[in-house]
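# What the coordinates show
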Amino acid sequence: MVKPFLNDELSLVTDPDQDTTGAMNMAYWLLIVAAALVVGGLTMLYSASFNTAGLKFFRNQLIWVGAGVFGGGAAFLIGYRKLANASVVWMALSFILLMAALCFPEVNGANRWIRFRLPGLEMSLQPSEFAKIAVALFVAKYCADNMRTFNEWNNRRGILPLAGVTGLVILGILAGRDLGTTVLVGSMATLTLLAAGLWKRYILVPIAFAVLIGTYIFFHDPTRVARVTSFLRPEEVQSTSGYQLWNSLLAFGSGGWNGIGFMESRLKAKYLPEAHTDFILAIVGEELGLIAMLAVIVAYAVFAVCALKISLRSHSRLGMLLGFALTLGIVLQAAINMTVVIGVAPTKGMPAPFISYGGSNMMATLIAVGILVSIAADTAEPGYNERYRNSLRRKLSFLPWFRQYRDGE
């Protein structure tokens, strides 16, 4: 019988040797599945966008994948503990960027993006994607540090500072009229708090908040209401608010089991808007068939299982809660996207993680993967990042500029 014990952070864990081996195995599988989804996504992006935009989107996505791999590697080397220690800084930076996005022109009725130029490239940054990571870090860190007090009202380390800071960032996302990400981040934060031991009566607050938001949108944004309700009758509104969903359903219907062939989609050319972004899975279904869609679902399921096992085997409460929050952020987003493209949920701009075109989402998701691997590595070897950083310093020591930087430290 495995005898549980309490470590220095008062988290209940089992046999540390068993957890160590299992966590690293799950991390390897996590990386394999993530890499497979990224490669598959790049392949389908090439197919979905080549006829209409050439290599533009494919090239941009490659740049963002590179940035995401670099960001994920940096998160791994820094370690989730240090990243969580600076969670207040990440929350403040996220809020500033969300407010800055409001100053840029609207795109599709929303102020979600900060646009900038690089040599020969026009890029955009979506702050709400990185706000998801900031909220996960902050909620996990706050609950881990204030386990005995975060449910109390009359305590300076209680629920009010937690709700205030988290709610401010979520309101910043909502201010940019990004309702889907608002719901996603709010759900992620709420479920993480429940996992941390939030008293059930506090759930009434986010429910009331959601009702108020829904009521406001219903009376002040009829266009968005029409988009949300179009999934209930896509055939009736196929030429107006249900146009995108109707063509998505046609794509799935024409694909059958085996699809009509790679690069052979008919609907991606002129009929299905956003074929390379939110509705790219419809092109997967049309060109590669139901079998490929089932493979995507299995890949997301394997990713979720691996990430949750990494979280549960962590020897720290912070690692468990942070891993759980990041897993929710990715898996819920994947579930929302898949239910939208098949008409089970209201149409909402939510990219498929690792697959859809969208630089900010790709980079943020790969950073989250880096943090999850960091949790697994810390379980296997506490303080692992110092060894990896020393190894990296030795490997870079042949570079003159790096030697000057190292000697000047």
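As the structure is a computational prediction, the values presented were derived from the model and not from experiment.

Moving on, we come to the side chain of Thr192. Here Thr192 shows up in helix H7 (residues 179-196). The class of Thr192 is buried, set by a relative accessible area of 1%. With residues near it in sequence (within four places) discarded, Thr192 still touches Val139, Leu321, Phe324, Ala325 and Leu328.

With that out of the way, let us pick up the pattern of salt bridges. The tally for this structure, following the rule as stated, stands at 5 salt bridges. The closest approach of N and O atoms between Arg112 and Asp178, which form a salt bridge, is 3.8 Å. Remark: Asp178 occurs in the loop between helix H6 (159-175) and H7 and Arg112 occurs in the loop between helix H4 (87-101) and strand S3 (114-118); sequence separation between them is 66 residues. Of the two residues, Arg112 and Asp178, neither departs from the other in class, the shared state being buried. The partner of Lys141 in a salt bridge is Asp145, with the nearest N and O atoms 3.1 Å apart. Remark: Asp145 and Lys141 occur in helix H5 (residues 127-145); sequence separation between them is 4 residues, near one turn of the helix. Given the relative accessible area of 18%, Lys141 is considered buried. Look at Asp145 and you get partly exposed, because its relative accessible area is 45%.

Membership of the largest hydrophobic core comes to 103 residues, with the highest contact counts inside it found for Phe303 and Phe354. Counting residues per element, this core draws most heavily on helix H12 (residues 280-312), at 14 residues. For Phe303, the residues in contact, after removing those within four places along its chain, are Leu30, Val33, Ala34, Ile330, Phe354, Val369 and Leu372.

Bringing the confidence of the model for the protein chain into the picture now. Confidence along the protein chain averages 84 in pLDDT terms, with 84% of residues attaining 70 or more. For the protein chain, the element scoring lowest by mean pLDDT is strand S1 (residues 5-6), at 33; H5 scores highest, at 96.

Under the definition given, this model contains 3 cavities of 30 Å³ or more. Taken as a whole, the largest cavity encloses approximately 110 Å³ of empty space. Lining the largest cavity are 14 residues, with Lys132, Ile133, Gly329, Ile330 and Ala368 positioned closest to its centre. For the lining of the largest cavity, the elements supplying multiple residues, two or more each, are H5, helix H13 (317-341) and helix H14 (359-380). Examining the composition of the lining of the largest cavity, we find that 5 residues originate from one element, H13, more than from any other.

To continue, consider the packing of H7 against H13. In contact at an axis separation of 9 Å, H7 and H13 are set at 140 degrees when each is read in the N-to-C sense. Between H7 and H13, the angle is such that the two are oblique. The hand of the H7/H13 crossing is right-handed. In contact with Leu184, Ser187, Met188, Leu191, Thr192, Ala195 and Ala196 of H7, H13 contributes Leu321, Phe324, Ala325, Leu328, Gly329, Leu332, Gln333 and Ile336.

Glancing now at the packing of aromatic side chains. Under the definition given, this model contains 7 aromatic pairs. Taking the centre distance of 5.9 Å and the plane angle of 40 degrees together, the rings of Phe138 and Tyr142 count as tilted. Here Phe138 pairs with Tyr142, and both are found in helix H5, just 4 residues apart, close to one helical turn. The same class applies to Phe138 as to Tyr142, namely buried. Ring geometry for Phe303 versus Phe354: centroids 5.5 Å apart, planes at 65 degrees, classification edge-to-face. Here Phe303 is found in helix H12, whereas its partner Phe354 is found in the loop between H13 and H14, with 51 residues between them in sequence.

Once that is clear, we can look at the environment of Ala334. By the secondary structure assignment, Ala334 is in helix H13. Overall, Ala334 belongs to the buried group, its relative accessible area being 3%. For Ala334, the contacting residues outside a window of four places in its chain are Tyr300 and Pro353.

What follows deals with H5. The terminal C-alpha atoms of H5, which comprises 19 residues, lie 27 Å apart, in line with the 27 Å expected from a rise of 1.5 Å per residue. Of all 19 residues making up H5, 18 are buried, and the element is well covered by its neighbours.

The backbone of Arg177 sits at a positive phi, close to 60 degrees, despite the residue not being glycine. For Arg177, the location among the structural elements is in the loop between H6 and H7. Even without being a glycine, Phe354 presents a positive backbone phi close to 75 degrees. Residue Phe354 is classed as buried on the basis of its relative accessible area, which comes to 1%.

Turning to the environment of Ala23, a few remarks are in order. When you line up the elements, Ala23 lands in helix H1 (residues 16-53). Taking the relative accessible area as the measure of exposure, Ala23 reaches 0% and is therefore buried. As a C-alpha pair, Ala23 and Leu312 span 289 residues in sequence and 8.9 Å in three-dimensional space. Residue contacts for Ala23: discarding those within four places in its chain leaves Ile310, Arg313, Ala376 and Thr379.

The rules behind the values
- By convention here, each chain's residues receive numbers from 1 onward along its written sequence.
- pLDDT decides what is reported in this predicted model: residues at 70 or higher carry local features, side-chain atom pairs at 80 or more are listed and counted, and totals for whole chains, interfaces and linings draw on all residues regardless.
- To get the side-chain values, take all heavy atoms of the structure and skip hydrogens and water.
- Note on conventions: DSSP H or I runs of at least 4 residues are helices, E runs of at least 2 residues are strands, and numbering of each starts at the N terminus.
- Think of it in three bands: with a 1.4 Å probe and only protein chains considered, a residue is buried below 20% of the maximum accessible area for its type, exposed above 50%, and partly exposed in between.
- We call two residues in contact when some of their heavy atoms are within 4.5 Å.
- Every case where a carboxyl oxygen of Asp or Glu lies within 4 Å of a side-chain nitrogen of Lys or Arg is listed as a salt bridge.
- Nonpolar cores were defined as sets of buried Ala, Val, Leu, Ile, Met, Phe, Trp, Tyr and Cys residues, with membership established by side-chain atoms within 4.5 Å.
- pLDDT measures the predictor's confidence residue by residue and takes values from 0 up to 100.
- Put plainly, a pocket is an open set of points on a 1 Å grid over the protein atoms alone with protein on both sides within 12 Å along at least five of seven lines, a cavity is a set where a 1.4 Å probe fits but cannot get out, and a lining residue has an atom within 4 Å of a point.
- Grid points are joined across faces, edges and corners, and a volume is the space filled by probe spheres set on the points.
- Each axis is a line fitted through C-alpha atoms, taken for helices only over the stretch in contact, and angles between the N-to-C directions span 0 to 180 degrees.
- When describing relative orientation, an angle under 35 degrees is termed roughly parallel and one over 145 degrees roughly antiparallel, while 65 to 115 degrees is termed roughly perpendicular and anything else oblique.
- The handedness criterion is simple: a crossing whose near helix is rotated anticlockwise from the far helix by less than a right angle is left-handed, and one whose near helix is rotated clockwise is right-handed.
- Pairing of aromatic rings covers Phe, Tyr and Trp, the last through its six-membered ring, and needs centres within 6.5 Å; plane angles under 30 degrees mean stacked, over 60 mean edge-to-face, and all others mean tilted.
- Any helix carries an expected span of 1.5 Å times its number of residues minus one.

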